[in-house]
Amino acid sequence: MPAANVAVAPATSVASTPTNRKSSVATGSQPERKYKCQFCARAFSRSEHRSRHERSHTKERPFKCMKCRSTFVRRDLLLRHDRTVHAKDGGVPLHSDGKRRAGPKAPRAVSGPSKSSIALDNATLEQLEASSEGNFDVETAAMLITDLQHKTAMRHSGLPFDAAPGMSGMAYAQNDSPMMDASASFSSQPMPDALPRGDVPWDAFLTEPNPKAHSVISSGSFSDQQSLASVSIPNIQPLAMGQSLELITDIYKAANSKAPQVLNDDERNMILDNIRIHDSERAIPDGFRVPNLASLNRYLSTYFNLFHHHLPFLHPASFKPTEVSPALLLAVLSIGALYAFDQDQAYLMHIGSKVLVNQFLQNKENFSSRKCPLWTMQSSLLNMIFASWSGDAKGLEWACSIKSLLANMVAGNSYELKLRTDSRGGVQPTRAEWVEDEGCRRTYYAVYIFFGLLTMTYNHTPAISFNEFEELQLPSSEGLWNSKVTDEEAWQEQLKASPSVTFMEAHDNLFQGEALKYSAFATRVMINALFLEVWYHKRSPEALQDVVTEYKLRLALETWEKSLDLCEPEADTVPLSAPYKGHPLIFNARAMFRNARARLEVDLKTVQEALRYHDPYEVAATMSAARDRVRRSGEMLKVIEECYNCIETAIRQGVRWVARTSPTNWSVEHPLCGMDLMIILTLWLYRLEHDEEPASEEEGAMYMKIRALFENDSENPLTSQLSSVVANLWGAILSEVVVWGITRLMGESFHLHAQALIGYVDDVEVSSNVSTPSMISQGADEDSVY
C-alpha cells in the first residue's frame, strides 16, 4: 500500500546512514562533541543540536505553524512543512534563519542528474541524528525525501534551492492589476486555478490531464493523500496557469454591476470614521486595519457575486458601504475576503465585527430583543456562519454560545413586524416599507436555514421552531427583491402581481400533497422545514412504530419535489456556473432534499456528533463504525440512487472542474449535505464487496452503474475496492480548493475513511500528533480569536 511504502522506504536509507556518515567525514576533521545531553550519554558538536536532541526526552514542540495548527520539535521541520504543505497556497514562504543571516551561497557541485548524487552534509546528518537518536520517524523521513526531491527538481530546472513552489503565485499577486491588492495579506488557503463566471466556456480552457499525482505530507495530515489525478476517471484536467490567472482577474473586472462599491478614498475614510465612532471602548485589536480601496471593492464583489445568491437576505440596491452599520459591513467584508482567499484579512474583519456587535449589545440600556436593529441580527448571523464553517472547533463553540440570543432576536423582531403589518389595516406598503419588511423576513428565514444546517451537520437541537413563522409571508422572488423600478405606481402593480403565500399555507399544502407556486428562496425555506421534521421524527421514541408520520413526510417530500416545476422563474442573472437550471437557491435546496430523503433511512448522528470536535481521525472512525446502520433493502436502493445522483454530477461535469470551481460557485451546503450521502454510499458498496450474502439483481445493477462512472472513458480499470475509490475521490474534491475550513476537515476524514475501508490502520503515534485543520491564522490555542 502507498502509506506502507512511505514508512518503509526511509527506513532502508536510514539503516545505511552510519556507514555513509563515516565515509563522508573521513576526509575532514571531526568536530569536538563537547555538548552533552543532560538526560543520556549522547554528545554533540553544537549546542543547538543538543537542544534539539533533548526535546526527544522532554517531548517539547516549540515551533508552531502560523498557517495551520501543526507543531514541530525543530524549525527545519516547520520550514519543510511550510514548503511542502503551504507553498501551493500562494502565501509568502518561510525562510530559514541561515538564509536570513547569510548572503547567497556558492552553488554546490552536482555530479549528475540522479537523486543519489545529492549528498547529505555532516551538519544535516547530525541534526537528524540529534532529533531522532539514530531512528527516523515517519514524519522526519518523509520530510527528508520530499526535501531531496525538491532540491533535485530545482537543480534540473536551474533554479536556486530556496525557490519555493508558491513563488509563482506570489509574483502574480505583486505584479497584478490595481484590482488585485499587492499590499493585502497573503492567504494561507490555496488560490483557486480559476474563479467561476457564468459566461466562461470552461471546456475551452481544459488542457491535457495531469499525468502524475502529488502527495501531500504533513504532521497535521496523513502521508498518502491521493490527488484527483490518481483516480482513473474522465475529465480530470487542470487549467493552464496563464488562463487561470486571466480568469481570476476577469472575475473582478467583469463582476456583476449589482455589487455595491466604495467609490473613492473619501468614502473609505468615512468608513474608518464610522468604525472609530462605534468602537467607543477602543476594543478592536491594534493589528486591525481597514483594507485599501481596491481590496474593499474586491471583497464586496466576491460577497455579492459569490456568496449572496445562496442566502440573499441583504438588499444590494440599498446597501451603502458608507451608511450601513460598520459591524455589518465588516461581517460582509470578512466573508468576501474568504472568497478572495485573503484569510488573514478575513479573520481581522471577522473579529472587528464581533467586537462592534458585542459593544452595542453590552452598552444598550433596557435591552429588548424586540428593539434590536436588524443589522445586529444580520451581523451576528454572518459572524456565526463564518465561525461555524471555519473548520475550528472553538469557532463552533462560540457560535453555539450565542444561538439563543439570535433566536430571541428573531422572535422579538418578528413580533414587531407583525404589529407593524397589522397596523396598516390591509393597505399595501410603500416600496420603502416593503423593502424594510422583506429584509426582516429574509433575515429571519436566513437564520432559520442556518440553524437547520447546524442541526444537519452537528446534530444540534434546532434553536427555532417553524411555529415562529406560522403567519409570516414567505420570501418574495429575487426579481421583485432586486427590482430597479423606481416609479411607485409601477412598483405597486409589480407587487400585486407577485404571489403572497404564508409559511403555514405552504406547509399544509405539502402535507396534503398539493403543489404550490412560490419563489426560489421560499423553496429553500420549505425544504429546511421538511428536513427538520424528519430530524424530529427520527429522534422521537415512537419513530419506529409511527408509520403514519413517516408516510406523511414522504408525501410532503415528493410534493415539494413536484413543486419545483411551478417555482417562479427568476429573471435575475446570477454570475455563477454550475450544473443546474434556475437560481442557485434551487440547486442548494435539491442538495438538502437528498439529505432529508437519506435521513428517513439512515441515522448517522454519531458522525455528526464527532464532527463537532473537528478531529478527522475521530470522524473517520465513526464513519467506519456506522457500517451496520446502512441496511441492504429496497428502500435503501432509493437512497443509493440519490447518492449516485450526487456523485454523478461531479464526475459528469469533470471532477477537477468541480473540485476547483464548486467552492466558489456552489454553496457550502453541498459538501455539508453530501457528507451523509457519501458515507452511506461508501458503506453500502463496502457491504456488497464483503458481505457473505450475495448481491441481489437490483443491487448488482446499481453497483455496476456506479462502477461504470469511473471506468467509462478510461483505459485503466479500477485496481482498488470501489468503496475506497469513492471515499478517496470525495475527499480529494473537498480538499482541492478550500474557502470554508470545514470542507478540508471533511476531506481528510474521507481520506482516512478510504484507508479504513481497505483495511489500513494508521499509526497510533502519527494519529496522536494530528492537528485540527483550521482557518485560524494564529495557530496557537492561546491566540485563538474565540
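Criteria and thresholds
Residues numbered from 1 in each chain as written. Predicted model: local features only at pLDDT ≥ 70, side-chain atom pairs only at ≥ 80, totals over all residues. Heavy atoms only, no water. UniProt positions renumbered as here; feature names shortened; annotations may be inferred. Helix = DSSP H or I, 4+ residues; strand = E, 2+ residues; numbered from the N terminus. Buried < 20%, exposed > 50% of the residue type's maximum accessible area, 1.4 Å probe, protein only. Contact = heavy atoms within 4.5 Å. Areas by Shrake-Rupley, 256 points an atom, 1.4 Å probe, with all protein chains shown as cover. Core = buried A, V, L, I, M, F, W, Y, C linked by side-chain atoms within 4.5 Å. Salt bridge = Lys/Arg side-chain N within 4 Å of Asp/Glu carboxyl O. Polar contact = N/O pair within 3.5 Å; in protein donor to acceptor, adjacent residues only side chain to side chain. Axes fitted to C-alpha atoms, helices over the stretch in contact; angles between N-to-C directions. Parallel < 35°, antiparallel > 145°, perpendicular 65-115°, else oblique. Nonpolar A, V, L, I, M, F, W, Y, C, P; charged D, E, K, R; others polar. Left-handed = near helix turned anticlockwise from the far one by under 90°. Expected span 1.5 Å × (residues − 1). Phe/Tyr/Trp six-rings, centres within 6.5 Å; stacked < 30°, edge-to-face > 60°. Lys NZ or Arg CZ within 6 Å of the ring centre and 35° of its normal. Patch = residues over 30% accessible without salt bridge, like charges linked within 9 Å, V, L, I, M, F, W, Y side chains within 5 Å. Lys, Arg positive; Asp, Glu negative; His and termini not counted. Charge placed at Lys NZ, Arg CZ, Asp CG, Glu CD.

Per an unreviewed UniProt entry, the protein is named C2H2-type domain-containing protein, and its organism is Pestalotiopsis fici. In UniProt, the protein has this text filed under Subcellular location (unreviewed entry): "Nucleus".

### Concerning the overall build of the protein
In terms of helices and strands, the protein carries 32 helices and 4 strands. Expressed as a percentage of its 786 residues, the buried residues of the protein come to 56%. Within the protein, counting contacts between residues at least 6 apart in sequence, those at least 24 apart form 78% of the total. A total of about 33300 Å² of accessible surface is found on the protein, and carbon and sulfur atoms cover 51% of it.

### Things to note about the nonpolar core
Of all hydrophobic cores here, the largest spans 173 residues; its most connected members are W389 and W740. Membership of the second largest hydrophobic core comes to 6 residues, among which are W434, V435, W481 and W491.

### So, the pattern of salt bridges
All told, the structure shown has 28 salt bridges when counted by the stated rule. Linking R424 and D437 is a salt bridge whose minimum nitrogen-to-oxygen distance equals 2.7 Å. On the criterion of sequence distance, the pair formed by R424 in the loop between helix 16 (403-422) and helix 17 (431-458) and D437 in helix 17 is long-range, its members being 13 residues apart. Note on accessibility: R424 and D437 belong to one class, buried. Here K705 and E641 are joined by a salt bridge, their closest N and O atoms 3.2 Å apart. Residue K705 is located in helix 29 (residues 697-711), and its partner E641 is located in helix 26 (residues 634-653); the two are separated by 64 residues in the primary sequence. Taking relative accessible area as the criterion, K705 reaches 34% and is therefore assigned partly exposed. We classify E641 as partly exposed; its relative accessible area is 27%.

### Considerations on the side chain of S667
Considering the arrangement of structural elements, one finds S667 in the loop between helix 27 (655-665) and helix 28 (669-690). A distance of 2.8 Å separates polar atoms of two side chains, one belonging to S667 and the other to E669. Contacts of S667, omitting those with residues within four sequence positions, involve H310 and N588.

### Comments concerning the packing of helix 11 (residues 293-307) against helix 12 (residues 326-339)
The contact between helix 11 and helix 12 brings their axes to 7 Å, and the two run at 80°. When the axes of helix 11 and helix 12 are compared, the pair comes out roughly perpendicular. Contacts between helix 11 and helix 12 pair L296, Y299, L300, T302, Y303, F304, L306 and F307 from the former with L329, V332, L333, I335, G336, A337 and Y339 from the latter. Among the residues making up the contact of helix 11 with helix 12, the classes are represented as 13 nonpolar, 2 polar and no charged.

### Topic: the side chain of T682
Checked against the element boundaries, T682 lands in helix 28. The residues contacting T682, other than those within four sequence positions of it, are S723, V726, A727, H753 and L757.

### Structural notes on the packing of helix 26 against helix 28
Here helix 26 crosses helix 28 at 115°, and the two axes come no closer than 9 Å. Of the two possible hands of crossing, helix 26 and helix 28 adopt the one that is left-handed. Mapping the contact onto sequence places M636, L637, V639, I640, C643, C646 and I647 in helix 26 and G674, L677, M678, I680, L681 and W684 in helix 28. When the residues that make up the contact of helix 26 with helix 28 are grouped by side-chain class, the tally is 12 nonpolar, 1 polar and no charged.

### Here's the deal with unusual backbone geometry
Unusually for a residue other than glycine, R282 sits at a positive phi of about 50°. A positive phi angle, close to 60°, is found at H614, a residue other than glycine. Take H614: it is sitting in the loop between helix 24 (605-611) and helix 25 (616-625).

### A word on helix 16
In a regular helix each residue adds 1.5 Å, so 20 residues correspond to 28 Å; helix 16 covers 29 Å between its end C-alpha atoms and thus fits that length. K403, L406, A407, M409, V410, G412, N413, S414, E416 and L417 are the residues of helix 16 that are buried. On its buried face, helix 16 sits against helix 13 (343-363), helix 14 (374-388), helix 15 (393-401) and helix 17.

### Looking at the packing of aromatic side chains
Counted according to the given criterion, the structure contains 22 aromatic pairs. Counting every residue linked through ring pairs, the aromatic cluster contains Y303, F304, F307, F319, Y339 and W740. The ring of W398 has K354 sitting right over it, with the charged end atom 4.2 Å from the ring centre. Against the face of Y644 rests K705, its NZ or CZ located 4.4 Å from the ring centre.

### Details of a negative patch on the surface
Residues D487, E488, E489 and E493 make up a contiguous surface patch of negative charge. Take D487: it is sitting in the loop between helix 18 (478-481) and helix 19 (488-497).

### What to know about the environment of T71
Structurally, T71 can be placed in strand 4 (residues 71-72). The exposure class assigned to T71 is partly exposed, which follows from its relative accessible area of 26%. Placed 10 residues apart in sequence, T71 and H81 show a C-alpha to C-alpha distance of 9.8 Å.

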